[in-house]
Amino acid sequence: MQPKYVVGIDLGTTNSGVAYAEPGSVTDPHQLPPVSLFAVPQLANPGEVRDEALLASSLYLAGPMDFPEGSTGLPWESAEDYVVGRLALTRGIESMGRLVTSAKSWLSHSGVDRTGPILPPNAPDGVPRISPVEASRRYLEHIRHAWDYKMPDAQFTEQNVLVTVPASFDAVARELTLKATEEAGYRNIVLLEEPQAAFYAWIERHPDWRERVHVGDLILVVDIGGGTTDFTLIAVTEENGALKLERVAVGEHILLGGDNIDLALARFVEQELASRNTKLDAMQLHALWQRCRVAKEKLFEEGSTEEEPVTIPGRGTALVGGTIRARLRRADVVRIVIDGFLPVVSSNEMPQRQRRVGLQEIGLPYAADPAITKHLARFLRQQASAAEHGSIRRSSSGFACPTHVLFNGGVLRSGIVRERILDVLNTWLDEEGMGRALALPGEDLMHAVARGAAYYGLARQGQGVRIRGGIARTYYVGIESAMPAVPGMPAPLKALTVAPFGMEEGSDVRLPQSEFGLIVGEPAEFRFFASAVRKNDPAGLMIEDIRGDLEELSPVEVNLPADDNAGQLIPVTLETVVTETGLLQLWCVARDGRRWKLEFNVREKVAA
Amino acid sequence: MSRITHAFRLFFAMLFGGRLSDEVARAHGYSPVAKKTAPAKAPPPQRTTADGAVQMLAILQRDARLVDFLLEDVSSYTDEQVGAAVRNMHDQCRESLGRYVRLAPVLDGVEGTFTRIDTAATYAKDPSALKLIGNVPADGKVSGGVLRHKGWKAERVELPALPSSQNPTIVAPAELEVE
């Protein structure tokens, strides 16, 4: 049966959104079917299921004294021992040891076992922890059930579903996301990068987009979500007289987002209160965090007052007597948010690198430098080394020079934040002697990714324009050099390019020139590397010195099943496939045509 | 039946049974009303109007701490202190009220201006919905008057169903933090 709907799912760090469109609802081929938002029913309070525009990406592992019996039921068959959504968050703040949040950030953290029970990291003994993959699975499953409940005549599994991932997600994080969707019972899945989805949402809202951008233009998508910041460049090119869009660069994974900004404000107010001998506990700090977010948004509105009161109600029954009062001044907010996170820097200032401490607490690898503008400078500077690839508009120094900027994410709803980024960018462009960039008007920054994903679903069926992109990094396998062993010195490692940047969905690359000998019945492990910077390495290229640009990912391993010829050495070559879903796969191919897939080994900690 | 026996049976029948025995009823000239024989179905847990009221209080307490505020002695606090606490509470109360109860004016006009009584449509003859004040003529028939208060009506009340395990008398649970 032909799917009735395309469903776009923005599986976010703090919130998830769902949008959908019905391809068959219009008959005119020049008209696009409208994209609608899907409100997700979820528990808002014990016993109260409510439709909300977004599903809070929070999960609460319920204990025996948490909720009255039978009050966590959903309109569909649901588990008793956990709650997903808004109630999970509100209850979780009171009992942090049972709250799972930011599962998505953990999903891309290669330093931990992402399929092992590690969340919540500070759960008290006896609370059954879950893996980041399992948490994502439960959010996705909630969405599937919610859809089936509200759309009983269009089974979710029968629809075309698009799930977004950050552009900076590497092959491992993508595969784990896909694994979560499969375990949640999804079928017909395609993965899509979030900044591309945001751009699709813009196209969907502006049917005249061909008049707004021109051949040679370069669009910078700045996506600052709750937990991550993502940069992407999309070039406007031409093919056979028609405009074509090509995603030409994506940035590295930066764990820095709106939540960090609001927390910085809360910490500032907390310090002020501490100087007046008012101490806050964890729960009050969380309340303060929320209030600061609201106050910040008010202060950033045009024509706002110079200061906003921030009050935290007392914990006991005394409401007025216990209320803690503080003020947030506009000047302070501007100083912390704008100068702290978006400082005016030169285009040569690079963010501080992650400090390496011998013993680190197991936690998320947050960005060491909070200056988003420095990360942006680095991203645009990096494009110099990829000078041959694609149609990136550059200055003579090689600095990528966007002509347009598209903003996405909750933080960028504030005009003052958008202006600062644009100002800093334009200062750089002036210095490079290039024209200034314009902001593309975006709308509904909280739902754009889900909307854009639904649009992409239509585009895949021929009802709209597609951005060409392919894989966002170049991938390599590490190969030990055949050299006499020297005591105390590891054999030098070389890297073989197995998947070039931009390799498109549904294509494959064979590397017949490099043969490996694999022993049947024994697992063979390959070290696996990626680079978002080296974009010109063709498949099969051997890199002698892998230091610098290459980032090590989880190893990949293959285990040739032992049949009658155990212990035998089989010569194999490597083959890379990018599936229609957008997933990178590595295969070992024997001379007789037999194939074995290389699987990511995410269980072992990578020694970086 | 002796009067004493009669009186006692009446007393206990009322006390424990809540109804007169058929015998007693007949003796007093009442005929028992034929009870509707409802299909044998387990009655749903009886919720009284009090439960709804407590639930509304519980919601406003949970979302906005309204009960805490109303029961607090605020006489010793300055207006500034009360104001700071109330501003926040007001926002939250308003949000919750809007979510569970849809309130609309009974008579949607401009307060302080002459308003015709027929604008009130069906409420024009309902003294619980429209209160005539001032020099009301003897027959109560007026064409209109100055609208002093628009009135409020609950167009819709949507309280979530309470789970049967929820104690309906609890407005706010006690909180015990394990350190």
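All values derive from a computational prediction rather than experimental measurement.

(A) Structural detail: the overall build of chain A. Check the secondary structure of chain A and you find 13 helices and 29 strands. Against the compact-globule benchmark of 25 Å for 608 residues, chain A has a radius of gyration of 25 Å, which places it among compact chains. For chain A, the spread of C-alpha atoms along the principal axes amounts to about 80 × 65 × 60 Å. For chain A, restricting intrachain contacts to residue pairs at least 6 apart in sequence, the fraction spanning at least 24 positions comes to 69%. Summed over all atoms, the accessible surface of chain A reaches about 25500 Å², with 49% contributed by carbon and sulfur.

(B) Structural context of helix α11 (residues 372-382) of chain A. All names here are of chain A. Burial analysis of α11 places eleven of its eleven residues in the buried class, the great majority of the element. Regarding α11, the residues found buried are Ile372, Thr373, Lys374, His375, Leu376, Ala377, Arg378, Phe379, Leu380, Arg381 and Gln382. Along its buried surface, α11 packs onto β12 (218-224), β13 (229-239), β14 (242-250), α10 (330-341) and α12 (415-431).

(C) Summary view of the nonpolar core. Residue and element names in this part refer to chain A. Core analysis: the biggest nonpolar cluster contains 90 residues, and Ile9, Tyr186, Tyr475 and Phe528 have the highest contact counts within it. If one sorts the elements of this core by residue count, helix α3 (residues 132-150) sits on top with seven residues. Among the nonpolar cores identified, the runner-up in size contains 59 residues, and Leu273, Leu288, Phe399 and Val424 belong to it.

(D) Representation of unusual backbone geometry within the structure. Residue A:Pro120 is bonded to the preceding A:Leu119 through a cis peptide linkage, with omega at -5 degrees. Relative to the helices and strands, A:Pro120 resides in the loop between α2 (103-107) and α3. Unusually for a residue other than glycine, A:Asn277 sits at a positive phi of about 65 degrees. Locating A:Asn277 in the fold gives a position in the loop between α7 (258-275) and α8 (282-300). Even without a glycine there, the phi angle at B:Arg65 is positive, about 60 degrees. One can find B:Arg65 in the loop between α3 (49-64) and α4 (66-71).

(E) Just empty space enclosed by the protein, in detail. Residues and elements named next belong to chain A. Inspection of every chain in the model, using the stated rule, returns three cavities of 30 Å³ or more. The computed volume of the largest cavity comes to approximately 100 Å³. If you trace the largest cavity, you find 14 residues lining it, with Ala198, Trp202, Gly442, Glu443 and Ala448 closest to the centre. Counting residues per element, the ones that place at least two in the lining of the largest cavity are α5 (194-205), β17 (404-408) and α13 (448-460). Take the lining of the largest cavity: its biggest share by element is four residues, from α5. For the lining of the largest cavity, the residue count by class is eight nonpolar, three polar and three charged. There is about 80 Å³ of room inside the second largest cavity. Forming the walls of the second largest cavity are 14 residues, and the residues nearest its centre are Leu11, Gly12, Ala103, Lys104 and Ser136. For the lining of the second largest cavity, the secondary-structure elements that each account for two or more residues are α2, α3 and β10 (160-165). In terms of residues, the lining of the second largest cavity owes the most to one element, α2, which gives three residues.

(F) A look at the domain arrangement of chain A. Residues and elements named next belong to chain A. What the domain assignment reports for chain A is domain 1 (6-192), domain 2 (212-256 + 348-447), domain 3 (258-341) and domain 4 (474-600). For domain 2 versus domain 3, the separation of C-alpha centres amounts to 30 Å. Listed per partner, the contact involves 16 residues of domain 2 and twelve residues of domain 3. Around 1100 Å² of area is buried between domain 2 and domain 3 when both sides are counted, 58% of it from carbon and sulfur atoms. Our enumeration of links across domain 2 and domain 3 arrives at two salt bridges. Our enumeration of links across domain 2 and domain 3 arrives at six residue pairs in polar contact (both at pLDDT 80 or more).

(G) Structural view of the sheet that holds β17(A). Residues and elements named next belong to chain A. Sheet architecture is open: six strands sit in the order β18-β17-β12-β13-β14-β19, paired in mixed fashion. Here the strands that pair on one side only, and so sit at the sheet edges, are β18 (438-440) and β19 (467-468). When β17 meets β18, the two strands line up parallel, connected through three bridges. Directly across from valine 405, in β18, lies its bridge partner alanine 439. Lying on the sheet, α12 is in contact with β12, β17 and β18; it crosses β17 at an angle near 150 degrees.

(H) Inspection of the layout of surface pockets at higher detail. All names here are of chain B. Its volume calculated, the second largest pocket comes out at about 540 Å³. In this structure, the second largest pocket is lined by 23 residues; those nearest its centre are Leu130, Lys131, Leu132, Ile133 and Val146. Residue contributions to the lining of the second largest pocket peak at three residues, all from strand β3 (residues 144-146).

(I) Inspection of the pattern of salt bridges at higher detail. Residue and element names in this part refer to chain A. What the rule picks out here adds up to 51 salt bridges over all chains. Here glutamate 270 ties to arginine 267 by a salt bridge, and the two come within 3.0 Å at their closest N and O atoms. A residue pair is termed a helical-turn pair when its members lie 3 or 4 positions apart in one helix, as glutamate 270 and arginine 267 do in helix α7 at three residues.

Conventions we followed
- Residues numbered from 1 in each chain as written.
- Chains lettered and ligands numbered in written order.
- Predicted model: local features only at pLDDT ≥ 70, side-chain atom pairs only at ≥ 80, totals over all residues.
- Heavy atoms only, no water.
- Helix = DSSP H or I, 4+ residues; strand = E, 2+ residues; numbered from the N terminus.
- Rg over C-alpha atoms; globule rule 2.2 N^0.38 Å.
- Contact = heavy atoms within 4.5 Å.
- Areas by Shrake-Rupley, 256 points an atom, 1.4 Å probe, with all protein chains shown as cover.
- Buried < 20%, exposed > 50% of the residue type's maximum accessible area, 1.4 Å probe, protein only.
- Core = buried A, V, L, I, M, F, W, Y, C linked by side-chain atoms within 4.5 Å.
- 1 Å grid on protein atoms, 1.4 Å probe; cavity = no way out; pocket = protein on both sides within 12 Å on 5 of 7 lines; lining within 4 Å.
- Points joined across faces, edges and corners; volume = space filled by probe spheres on them.
- Nonpolar A, V, L, I, M, F, W, Y, C, P; charged D, E, K, R; others polar.
- Domains from an automatic or database assignment.
- Buried area = accessible area lost by both parts, 1.4 Å probe.
- Salt bridge = Lys/Arg side-chain N within 4 Å of Asp/Glu carboxyl O.
- Polar contact = N/O pair within 3.5 Å; in protein donor to acceptor, adjacent residues only side chain to side chain.
- Pairing = 2+ DSSP bridges.
- Axes fitted to C-alpha atoms, helices over the stretch in contact; angles between N-to-C directions.

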